[in-house]
Amino acid sequence: MATKNKTRFDIINEIHQTEKNYIKNLKLIVENYKNPLEQRKLLSVIELDALFLNIEDIISVNVRFYNSLSRKLDEARQNDHVPKISQSFIDYLPKMQTYVSYVSSLNQNLDLINEKIKTSQEIATIFKNGGSSTDFFFNKLRLLPMQRLPLYSLLVEKLIKYTPDIEEEYQNLKMTHRLIVDLIKSVNSERGKKEDLEKLEWLDEHINVRGIGFKFKSSTNMMGSRKLCYYGPFVKESGKELYGFLFNDTLVIVESNDILTNEIFKAKPNHKTLQFQLYKQPILLENLSLVQAKQSTTTSDCSFQLIIGEKEYTFKTTNPALRNEWMKQLQKSIEFYKQKKRSIIHSISASK
């Protein structure tokens, strides 16, 4: 039991000490970067908000959380028992919803500071850190909140392992861990939604759909908001390189080029006005069917067939795994679309 208690002490002290260091580093973001930029009026209010997000809200919550942990440790020392810190987590995890908006927006505006550093020597000087890369240390600091929640989960999980299950603290720590996991899920969910919207905005900017009344970031007639389900390259039998975007209501195929052969949404075209041309007008999933074929792992069979309207098209991928994935995603999206349509028709019929 003494060994277990010592391990519990060590884990609790690690939570407390790393929290202290975490807050210290977060404050560096404000003291070394935000305040100088704000005081010298080197960035506008909008630019400051875009770059630093709600970092001060996070600092405020975590300072109070740290103070609560400190009180728990002080009480335990005075009474000579193992600190019970679950209540501090239970009290402050709901207030850590501030992490959701921060982490979900973290990848946005990453180019902002790089552009400003290039154009302003004064800004570049602020971001220099001991002669190293100008924005490396800053970017390392601003990623800390994203890393903190998983660390809470890991440390609390370890603490549960060394807490006797007959103690009330054991159940409270289990509840704490569930709250942390739920918060991480909320962060990841919101981050995923933001990334999906950014992809739709990218497509609206870079794929030429003028004149056909189509917008990627919009609502569909039947499936709610348009969602990107899958995307990737393939070629026609003729050898023409194409790139497909499968949505929850539509398949969009564009003519490909070198930029589209890699991870498309990480590609940064030299010209912001560069646009990709449609190979065909957007194809509603109700007008699309997949010719069923046995999935293959042979190196020679990389093709799949689609019936668009009444015409059959054959497309090829670079490998069987990619071909099988396209078939899987197409079948899944088409079937889900048809189920949704059947459900709507049934609801309308039932209401009459």
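Further up the page is the structure itself.
The model shown is predicted, which means the values in this text are computed figures rather than measured ones. (Residues numbered from 1 in each chain as written. Predicted model: local features only at pLDDT ≥ 70, side-chain atom pairs only at ≥ 80, totals over all residues. Heavy atoms only, no water.)

> I would appreciate a short explanation of the overall build of the protein in the present structure.
In terms of helices and strands, the protein carries eleven helices and nine strands. The buried share among the 352 residues of the protein stands at 43%. For the protein, long-range pairs separated by at least 24 residues make up 64% of all intrachain contacts whose partners lie at least 6 apart in sequence. (Helix = DSSP H or I, 4+ residues; strand = E, 2+ residues; numbered from the N terminus. Buried < 20%, exposed > 50% of the residue type's maximum accessible area, 1.4 Å probe, protein only. Contact = heavy atoms within 4.5 Å.)

> Mind showing me how you'd approach the packing of aromatic side chains here?
The geometry of an aromatic ring pair is captured by the separation of the ring centres together with the interplanar angle, meaning the angle of the planes. What the rule picks out here adds up to 20 aromatic pairs. Both rings, one in Phe65 and one in Tyr152, keep their centres 5.8 Å apart while their planes meet at 75°; by these two values the pair is edge-to-face. One end of the pair, Phe65, is in helix α3 (residues 55–79); the other, Tyr152, is in helix α9 (residues 144–161), with 87 residues separating them in the sequence. On the accessibility criterion, Phe65 (0% relative accessible area) is buried. On the accessibility criterion, Tyr152 (0% relative accessible area) is buried. On the basis of an interplanar angle of 25° and a centroid distance of 6.5 Å, the ring pair of Tyr231 and Phe245 is categorised as stacked. Placement of the pair is Tyr231 in strand β2 (residues 228–236) and Phe245 in strand β3 (residues 241–247), with a sequence separation of 14 residues. For Phe245, a relative accessible area of 0% gives the class buried. (Phe/Tyr/Trp six-rings, centres within 6.5 Å; stacked < 30°, edge-to-face > 60°.)

> Quick question: what am I supposed to make of the side chain of His16 here?
Inspection of the secondary structure puts His16 in helix α1 (residues 2–39). A residue is classified by how much of its surface remains accessible, and His16, at 14% relative accessible area, is buried. With near-sequence residues (within four places) excluded, His16 lies in contact with Tyr66, Leu69, Ser70 and Leu73.

> Please clarify how the pattern of salt bridges should be interpreted in this entry.
Between side chains of opposite charge, a pair can form as their charged atoms come close. The tally for this structure, following the rule as stated, stands at 14 salt bridges. Of the charged contacts, one joins Glu167 and Arg8 as a salt bridge, the two residues approaching to 3.2 Å between their closest N and O atoms. On the criterion of sequence distance, the pair formed by Glu167 in the loop between α9 and α10 (168–206) and Arg8 in helix α1 is long-range, its members being 159 residues apart. What makes Glu167 partly exposed here is its relative accessible area of 26%. If you follow the salt bridges from partner to partner, you end up with Lys34, Glu38 and Glu56 in one network. (Salt bridge = Lys/Arg side-chain N within 4 Å of Asp/Glu carboxyl O.)

All quantities given are derived from atomic positions and should not be read as evidence of function.
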